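One letter stands for each residue in the lines below.
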Amino acid sequence: MAEGNRVVETRDRTLDTAPLMMTPTMRKELKALSPIERGGEIAKSGSDLPKPIKRFGQEEWAAVCERIQDAAEYIQEIEASRHQQEMQAQKIFANMQDEIAAANARALAAERMLQDVQHRATNVVKTLEDKLQAAEDRAREAEDWLNRISEAVRSNLNFP
């Protein structure tokens, strides 16, 4: 009996049984069912005739079918789990994108507020500088008038 990959038709799709993970029990059963080869020939039991190959009965075929069904169900469970994890990852990614967009919007709003505050502060400083300049001008003018009055009093009243 030649060994090789078998393609098994399941309910939903074709399944290649070669890459399936086999349990130690499955390996033992498979080894027990396959012919033993030595030196490239099938083992001989004292004569030139090959040892008869054990044929599968209904129980063995049923066991093989059950193993195949179990493997297919296991693969479907893994696929469902992978799909669920992928959906969760997509939800997390979408949430992160939303959070990034919200953070960018808050940052933009904060930048606008900062610019507004800077503009108002610049206007307040300019207004205060203008008022200070006007106060300094009035103080100089008042000082000039005081000097004139003082000079007029001295010159008219003969104070030394």
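All residue numbers refer to position in the chain's written sequence, counted from 1. Note on the predicted model: pLDDT of at least 70 is required for a residue's local features to be given, and 80 or more for side-chain atom pairs to be given and counted; whole-chain, interface and lining totals, by contrast, use all residues. To get the side-chain values, take all heavy atoms of the structure and skip hydrogens and water.

(A) Seen up close, the overall build of the protein chain. Each helix is a run of H or I in the DSSP string that is no shorter than four residues. Each strand is a run of E no shorter than two, and both are numbered from the N terminus. Helices and strands together make up the secondary structure of the protein chain, namely 2 helices and 4 strands. Counting from the amino terminus, the protein chain carries its helices and strands in the arrangement β-β-α-β-β-α. Of all intrachain contacts in the protein chain linking residues separated by at least 6 positions in sequence, the fraction that spans at least 24 positions is 50%. Accessible surface is estimated by sampling points in the Shrake-Rupley manner with a 1.4 Å probe; for residues, cover comes only from the protein chains shown. Counting every atom, the protein chain has about 14300 Å² of accessible surface; 57% of that belongs to carbon and sulfur. Contact criterion: two residues are considered in contact whenever any of their non-hydrogen atoms come within 4.5 Å of each other.

(B) Spatial organisation of helix α2 (residues 58–157). End to end, α2 covers 145 Å across 100 residues, agreeing with the expected 148 Å (1.5 Å per residue, within 8%). Buried residues of α2: Ile 68, Ala 71 and Ala 72, and no others. Among the residues trailing α2, Asn 158 stands out with phi positive, at a value near 55 degrees. Take the residue count of a helix, subtract one, and multiply by 1.5 Å to get its expected span. Here the term buried applies to any residue with accessible area under 20% of the maximum for its type, exposed to any over 50%, and partly exposed to those in between, with areas from a 1.4 Å probe on protein chains only.

(C) Spatial organisation of a nonpolar patch on the surface. Note that patches include only residues with greater than 30% relative accessible area and no salt bridge, and the join distances are 9 Å for like charges and 5 Å for nonpolar side chains (Val, Leu, Ile, Met, Phe, Trp, Tyr). We count a salt bridge whenever a side-chain nitrogen from Lys or Arg sits within 4 Å of a carboxyl oxygen from Asp or Glu. On the surface, a nonpolar cluster with roughly 400 Å² of combined accessible area is contributed by Trp 145, Ile 149, Val 153 and Leu 157. Residue placement: Ile 149 occurs in helix α2. The class for Ile 149 is partly exposed, based on a relative accessible area of 48%.

(D) How the structure looks around the packing of aromatic side chains. Ring pairs are drawn from Phe, Tyr and Trp, using the six-membered ring of Trp, whenever the two centres fall within 6.5 Å, and their geometry is named by plane angle: stacked under 30 degrees, edge-to-face over 60, tilted for the rest. All told, the structure shown has 0 aromatic pairs when counted by the stated rule. For Arg 148, the ring lying beneath its charged end belongs to Trp 145, and the centroid distance is 4.7 Å. Counting as a charge over the ring demands two things of the Lys NZ or Arg CZ atom: a distance within 6 Å of the ring centre and an angle within 35 degrees of the ring normal.

(E) Representation of the pattern of salt bridges within the structure. All chains considered together, the criterion is met by 5 salt bridges. Between Glu 86 and Arg 82 there is a salt bridge, and its shortest N-O distance comes to 2.7 Å. Residue Glu 86 and its partner Arg 82 are located together in helix α2, separated by 4 residues, close to a single helical turn. Assessed through its relative accessible area of 35%, Glu 86 is described here as partly exposed.

(F) Fine view of the confidence of the model for the protein chain. Confidence of the predictor in every single residue is expressed as pLDDT, which spans 0 to 100. Per-residue pLDDT for the protein chain averages 80, and the proportion of residues at 70 or more is 66%. Strand β1 (residues 7–9) is the least confidently modelled element of the protein chain, averaging 47 in pLDDT, while α2 averages 94, the highest of any element. Here residues 1–15 is modelled with pLDDT under 50, and outside its nearest four sequence neighbours on either side it reaches 25 contacts, counting other chains as well. Counting interchain partners and residues more than four positions distant, the pLDDT-below-50 stretch residues 37–45 has 6 contacts.

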